[in-house]
Amino acid sequence: MQTIALTHPLSSEDRARADFYALLARLYADGPDARLLQTIARADTIAGDSPFARAWNRLVAASGAMDAEAAAQEYSDLFIGVGKCEVNLHASHWLTGYMMEKPLVELRRELAALGIARRGDVTMLEDHLSAMCETMRLLIAGHEDREPVPVATQRAFFERQIACWVFSCCTAMRESPIANYYACVAEFTEQYMALDRDALAMD
Amino acid sequence: MSDASHRDISPAATAAAPSPDSKRRRFLMAFGAGAAGAASASALAATPAVVVQAAEPAAASQGYRETEHVRNYYATTRI
């Protein structure tokens, strides 16, 4: 496993935020492998009865019960499909009904202004939920000689590029008749995004 | 008159109101989302996705460029 050297000291809550976004980025990039499922299954549960705690604890339990092969199949059925996917993970689809529309252009412009670009070897579009989560992680934690950005910049990106569609996308995942493990992932995503939206709003 | 005087913040004012950062910290902590706990395990899982990374701003030219994406596309058209 590749490890990334962390050169930027982060507060524990920013470290946690970056880690949650990184986890979501992985879960939406591809079905979780056995190692990832095991890692989540062994994670600490969160005390309390908040919707966020319940959603995380359910994801932890579901990860212990899920096997990688079934997860890969479910990811493929839900997000790739044959001809048309069951749930589309691209912002442009949710905002305009079509892929690669204006929102993607605007997102690329905003990423360029932030000094972020897609890696050359990646074919995933920038407005994919996984890429959006990865961008949030990068903004929060920085990377190598890249500094973390101020909260105001994180908030602006989150509100302009993520908040306007992610909740509809999560609802569609949760309500899909073929979602099982990803219904738990979607519920956690929804709760986490709502929490971070409210945290970012504090100023 | 020195500009510096405008930037002075009295110690009393700073101590009285919690900063946005500490409000945010307390808020996230209250929900269990602020400390290492749950997320530390997910950090282990947090690597290979890296879809985006810091980059130099793109060149101003809007002309045709044979990017990696274009090369990938042509690669898929070869039989």
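The rules behind each value
Residues numbered from 1 in each chain as written. Chains lettered and ligands numbered in written order. Predicted model: local features only at pLDDT ≥ 70, side-chain atom pairs only at ≥ 80, totals over all residues. Heavy atoms only, no water. Helix = DSSP H or I, 4+ residues; strand = E, 2+ residues; numbered from the N terminus. Buried < 20%, exposed > 50% of the residue type's maximum accessible area, 1.4 Å probe, protein only. Areas by Shrake-Rupley, 256 points an atom, 1.4 Å probe, with all protein chains shown as cover. Rg over C-alpha atoms; globule rule 2.2 N^0.38 Å. Contact = heavy atoms within 4.5 Å. Core = buried A, V, L, I, M, F, W, Y, C linked by side-chain atoms within 4.5 Å. Salt bridge = Lys/Arg side-chain N within 4 Å of Asp/Glu carboxyl O. Phe/Tyr/Trp six-rings, centres within 6.5 Å; stacked < 30°, edge-to-face > 60°. pLDDT = per-residue confidence, 0-100. Arc of directions from axis to C-beta. Axes fitted to C-alpha atoms, helices over the stretch in contact; angles between N-to-C directions. Left-handed = near helix turned anticlockwise from the far one by under 90°. Nonpolar A, V, L, I, M, F, W, Y, C, P; charged D, E, K, R; others polar.

Visitor: Mind showing me how you'd approach the overall build of chain B here?
Guide: Counting its regular elements, chain B contains five helices and one strand. Overall, chain B shows an N-to-C arrangement of helices and strands of α-α-α-α-β-α. Buried positions account for 22% of the 79 residues belonging to chain B. Accessible area of chain B: about 5600 Å², with a carbon and sulfur share of 59%.

Visitor: Help me understand the overall build of chain A in this model?
Guide: Secondary structure assignment for chain A yields 10 helices and one strand. The helix and strand sequence of chain A, counted from the amino end, reads α-α-α-α-α-α-β-α-α-α-α. Relative to its length of 203 residues, chain A is compact, with a C-alpha radius of gyration of 16 Å against a globular reference of 17 Å. Along the three orthogonal principal directions, the C-alpha set of chain A runs to about 40 × 40 × 35 Å. Within chain A, buried positions represent 55% of all 203 residues. The contacts of chain A with a sequence gap of at least 6 include a subset with a gap of at least 24, amounting to 68%.

Visitor: What exactly am I supposed to notice about the nonpolar core here?
Guide: The tendency in soluble globular proteins is for nonpolar side chains to be buried side by side. Residues A:Tyr28, A:Trp56, A:Met173, A:Tyr181 and A:Met193 are the most contacted members of the largest nonpolar core, which totals 71 residues. Per-element accounting of this core gives the leading share, 13 residues, to helix α10 (residues 181-200) of chain A.

Visitor: Is there a simple way to think about unusual backbone geometry in this case?
Guide: Trans peptide bonds make up most of the peptide bonds, and negative phi angles are found at most residues other than glycine. One non-glycine residue, A:Met100, lies in the positive phi region at around 50 degrees. Counting through the fold element by element, A:Met100 comes out in the loop between α5 (91-96) and α6 (102-113).

Visitor: Looking at this structure, how should I read the pattern of salt bridges?
Guide: Pairing is possible between side chains that carry opposite charge, provided their charged atoms lie close to one another. Residue and element names in this part refer to chain A. Using the criterion set out here, one finds 15 salt bridges over all chains in the structure. Among the salt bridges present, the one from Arg17 reaches Asp14, with a minimum N-O distance of 3.0 Å. Note that Arg17 and Asp14 are positioned in helix α1 (residues 12-29) at a spacing of three residues, about one turn of the helix. Like Arg17, the residue Asp14 is buried in the burial classification. Arg118 serves as the salt-bridge partner of Glu126, at 3.9 Å between the closest nitrogen and oxygen. You can call Glu126 buried: its relative accessible area is 9%. Through salt bridges with shared partners, a single network forms among Asp14, Arg17 and Asp196.

Visitor: Mind showing me how you'd approach the packing of aromatic side chains here?
Guide: Any pair of aromatic rings gets described here by the distance separating the centres and the angle formed by the planes. All names here are of chain A. Applying the stated rule across the entire model yields 17 aromatic pairs over all chains. An angle of 85 degrees between the planes, with centres 6.0 Å apart, marks the rings of Phe20 and Phe52 as edge-to-face. In this pair, Phe20 sits in helix α1 while Phe52 sits in helix α3 (residues 51-65), placing the two residues 32 residues apart along the sequence. For Phe52, a relative accessible area of 2% puts it in the buried group. Pairing Tyr28 with Tyr182 gives two aromatic rings, centres 6.3 Å apart and planes at 50 degrees, and the pair type is tilted. Residue Tyr28 is found in helix α1, and its partner Tyr182 is found in helix α10; the two are separated by 154 residues along the sequence.

Visitor: Got a minute to help me understand the confidence of the model for chain A in this structure?
Guide: Regions with low pLDDT carry predicted coordinates that are not meant to be interpreted in detail. Across chain A, the average pLDDT comes to 92, with 97% of residues at or above 70. Least confident of the elements in chain A is strand β1 (residues 116-118) of chain A, whose mean pLDDT is 87; most confident is helix α9 (residues 166-175) of chain A, at 98.

Visitor: Explain helix α3 (residues 20-30) of chain B to me, please; I cannot follow it from the model alone.
Guide: Side chains three or four residues apart in an α-helix point the same way, a direct result of the helix having 3.6 residues per turn. Looking at α3(B), one finds that the buried residues are B:Arg24, B:Phe27 and B:Leu28. The arc enclosing the buried residues of α3(B), seen along the axis, measures out at 95 degrees, which places them on a common side. Exposed residues pointing more than 90 degrees away from the buried face of α3(B) are listed as B:Arg26 and B:Ala30. The inward-facing, buried residues of α3(B) contact α1, α8 (151-162) and α10 of chain A. Backbone geometry just downstream of α3(B) places B:Gly32 in the positive-phi region, at approximately 80 degrees.

Visitor: What should I look at first to understand the packing of α1(A) against α10(A) in this one?
Guide: To describe two helices that pack against each other, one gives the angle between their axes and the distance between the axes. Residue and element names in this part refer to chain A. Direction vectors running N to C along α1 and α10 enclose 145 degrees, while the axes themselves pass 11 Å from each other. Two packed elements cross with a definite hand, and for α1 against α10 that hand is left-handed. Between α1 and α10, the contacting residues are Arg17, Phe20, Tyr21, Leu24, Leu27 and Tyr28 on the first element and Tyr181, Tyr182, Val185, Ala186, Phe188, Thr189, Tyr192, Met193, Asp196 and Leu200 on the second. When its residues are assigned to classes, the contact of α1 with α10 shows 13 nonpolar, one polar and two charged.

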